[in-house]
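Letter by letter, the chains look like this.
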Amino acid sequence: MKMFLAGRWQDRPRSIEVRNPFNGEVIDTVPHGTPDDVNRAVEGLVEGARLMRDMSAYDRSAILRRAAALMQACEPELGRTISQEEGKTLAEGTFEASRARETIDVSADEARRIGSEVIPLDAAPGGKGKLGFTLRVPCGIVAAITPFNFPLNLVAHKVGPALAAGNAVCIKPASDTPLSALKLVEILLEAGLPPQAIACVTGGGGELGTALCTDRRVRKISFTGSYAIGDAICRMAGVKRVTMELGSNSPVILLDDADIEQAASLVAVSGYSNAGQVCISTQRILATPQAYGAFLDALTPRVKELRTGNPLDPATRMGPMIREQDACRVESWVQEAVASGARLVTGGQREGTLFEPTLLAEVAPSLRISCEELFGPAVAVTRVDSFDEAIRLANDSPYGLSASLFTRDISRALRFAREVDSGNLHINWGTQWRADLMPYGGLKNSGLGKEGPHYAIREMTEEKMVVIHG
Ligand code: NAP
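Because the structure is a prediction, the values reported are computed rather than measured. (Residues numbered from 1 in each chain as written. Predicted model: local features only at pLDDT ≥ 70, side-chain atom pairs only at ≥ 80, totals over all residues. Heavy atoms only, no water.)

Our focus in this paragraph is the site of the ligand. Every one of the 30 residues lining the ligand counts as a neighbour, but Thr146, Ser175, Ser226, Leu246 and Glu373 are closest to it. Backbone polar atom of Thr146 to an oxygen atom of the ligand: 2.7 Å apart, as the coordinates give it. Interatomic distance of 2.8 Å between a backbone N/O atom of Gly205 and an oxygen atom of the ligand. Starting from 910 Å² of accessible surface for the ligand in isolation, the protein chains cover 88%. Residue assignment for the shell around the ligand shows that the elements contributing at least two residues are helix H7 (205–214), strand E10 (220–224) and helix H8 (227–237). Counted by class, the shell around the ligand contains 15 nonpolar, twelve polar and three charged residues. (Near = heavy atom within 4 Å. Polar contact = N/O pair within 3.5 Å; in protein donor to acceptor, adjacent residues only side chain to side chain. Areas by Shrake-Rupley, 256 points an atom, 1.4 Å probe, with all protein chains shown as cover. Helix = DSSP H or I, 4+ residues; strand = E, 2+ residues; numbered from the N terminus. Nonpolar A, V, L, I, M, F, W, Y, C, P; charged D, E, K, R; others polar.)

What follows is about the domain arrangement of the protein. The assigned domain composition of the protein is domain 1 (3–246 + 446–469) and domain 2 (250–427). Once you take the C-alpha centre of each, domain 1 and domain 2 turn out to be 31 Å apart. Of the residues lining the interface, 21 residues belong to domain 1; the matching set on domain 2 comes to 25 residues. Carbon and sulfur atoms supply 58% of the area buried between domain 1 and domain 2, which totals about 1900 Å² over both sides. Of all residues in domain 1, Phe22, Phe148 and Ser446 bury the most surface against domain 2, accounting for 31% of the area lost on that side. The interface formed by domain 1 and domain 2 contains one salt bridge. Measuring nitrogen to oxygen at the nearest pair gives 2.8 Å for the salt bridge that ties Asp176 to Arg323. Applying the counting criterion to the domain 1 and domain 2 interface returns nine residue pairs in polar contact (both at pLDDT 80 or more). Of all the secondary structure elements, the ones that give two or more residues to the side of domain 1 that touches domain 2 are helix H3 (75–86) and helix H4 (90–111). Here the side of domain 1 that touches domain 2 is built from residues that sort into seven nonpolar, seven polar and seven charged. (Domains from an automatic or database assignment. Contact = heavy atoms within 4.5 Å. Buried area = accessible area lost by both parts, 1.4 Å probe. Salt bridge = Lys/Arg side-chain N within 4 Å of Asp/Glu carboxyl O.)

Attention now goes to the packing of H3 against H4. As a packed pair, H3 and H4 sit with axes 7 Å apart at the nearest point and diverge in direction by 120 degrees. With respect to H4, the element H3 is oriented oblique. When you trace H3 past H4, the crossing you get is right-handed. Residues Glu75, Leu78, Gly79, Arg80, Ile82 and Ser83 of H3 pack against Leu90, Gly93, Thr94, Glu96, Ala97, Ser98 and Arg101 of H4. (Axes fitted to C-alpha atoms, helices over the stretch in contact; angles between N-to-C directions. Parallel < 35°, antiparallel > 145°, perpendicular 65-115°, else oblique. Left-handed = near helix turned anticlockwise from the far one by under 90°.)

Right, let's talk about the nonpolar core for a bit. Taken as a class, soluble globular proteins show a tendency for nonpolar side chains to be buried jointly. Formed by 45 residues in total, the largest nonpolar core has its most connected members in Leu188 and Ile198. Non-local contacts of Ile198, meaning those with residues more than four positions away in its chain, are made with Phe4, Leu45, Val159, Val169, Ile171, Val185, Leu188, Leu189 and Leu193. Counting residues in each nonpolar core, the second largest holds 42 residues, with Ala275, Leu299, Leu360 and Val379 among its members. (Core = buried A, V, L, I, M, F, W, Y, C linked by side-chain atoms within 4.5 Å. Buried < 20%, exposed > 50% of the residue type's maximum accessible area, 1.4 Å probe, protein only.)

We now examine the packing of H7 against H8. Between H7 and H8, whose axes approach to 9 Å, the crossing angle comes to 40 degrees. Overall, the two elements H7 and H8 adopt an arrangement that is oblique. Our pair here, H7 against H8, has a crossing hand that is right-handed. Contacts between H7 and H8 involve Thr210, Cys213 and Thr214 from the former and Ile233, Met236 and Ala237 from the latter. In terms of residue class, the contact of H7 with H8 is built from four nonpolar, two polar and no charged.

Quick look at the structure:
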């Protein structure tokens, strides 16, 4: 595929091979863009931002609505592209395509709801007779930098709200998975988006990302990815608005009164879907004494039956990891945990990019597999003495993106909601649940700001205060 900038599809002599992570086959190539391309893209978007700012909310909404309809029409194809480039199963890829369509559709709704607020100025000394109100205006140019693991929906979560709010947007997709983002650009253009209003530049994150994030014409950076890169972007951004959607090592607390069967069947999904490469994957289980053994007994057979293999085979329940080096990292963290006293209940083996669904018990909370973000298909179970200890350990992390509690006791559920430092809290469900319209974002090193079209629009608009002096 070509990349899209300055209003047209463009190729370059150097290209990047996009490979299927399951078998290493080249699926397609994309141009290897340069910082010069970023400069040209942003130059084109200056005009695009002006066009979008002048476009009515009604028209912006209509473009997004048409794009959502087009996405629905090609959902199976989009699902297949996601599955091929990312390695998730075809079912997971198709589900992501349907969620991305929903994200664009909700963005179309939200484009029509950008309102303002009347401020009661006569309540201020000297304010009698004056009328004050706020006006929300677009930021201008939004940079959307996205990770590999949800190559369509996480692009939709930036592009949908950015356009709904009347901005122009420059996408920098992950180099491993740029195809879904480029297909979304095709769809938006077909839906009637002015070509000047969007760019998608493919190429290495270090070079292109730096050019984009330091460009003074870019007013807003919306980044989803690792903490290390997010931190680097914040340092180089200067005076810009930033939204940071970063990593996590999400905990699940299991209390003695938990429904163990329900918890086990939900963790078998939330710990292993997309081979654990989800920012809100369940990584740590903190179980009180009565729940601990029963939960391991209930979860073990469910993990053993997760069949790995070719993501395009409908019988496959878990696909490969994105790169072999990531599977090697997970393997070494599991081996390190076992060498430090954890018990390997099942899994632990690697074949190329495929890492077996893995379950570890008796995991000391100080081990790397518990403290850092694993981003792979392994769940670490730790026995805790009490709810107090579980809350302490849940919070003993630099991250705070998602956490779960299984209990039948409402007062413990409320205490969990109040005391656990996490942007998303689930009671009687796994950590990996998200409705695309809800406010979504992390605390601590998991990020800054919120996504979900309504909330992202707030972050992609500027607020002016207008006073009419009577
Ligand atoms: P990553 O390595 O941080 O890359 C994310 C994006 O940043 C890619 O497009 C990458 O481009 C680009 N990039 C690399 N260096 C850059 C730089 N110096 N300046 C600007 N951009 C740069 O993350 P990943 O491995 O793709 O994704 C996994 C991470 O994302 C995990 O930590 C996961 O938890 C997090 N994540 C968070 C959420 C959330 O909502 N909180 C959702 C999904 C994923 P290249 O691909 O070309 O290097």
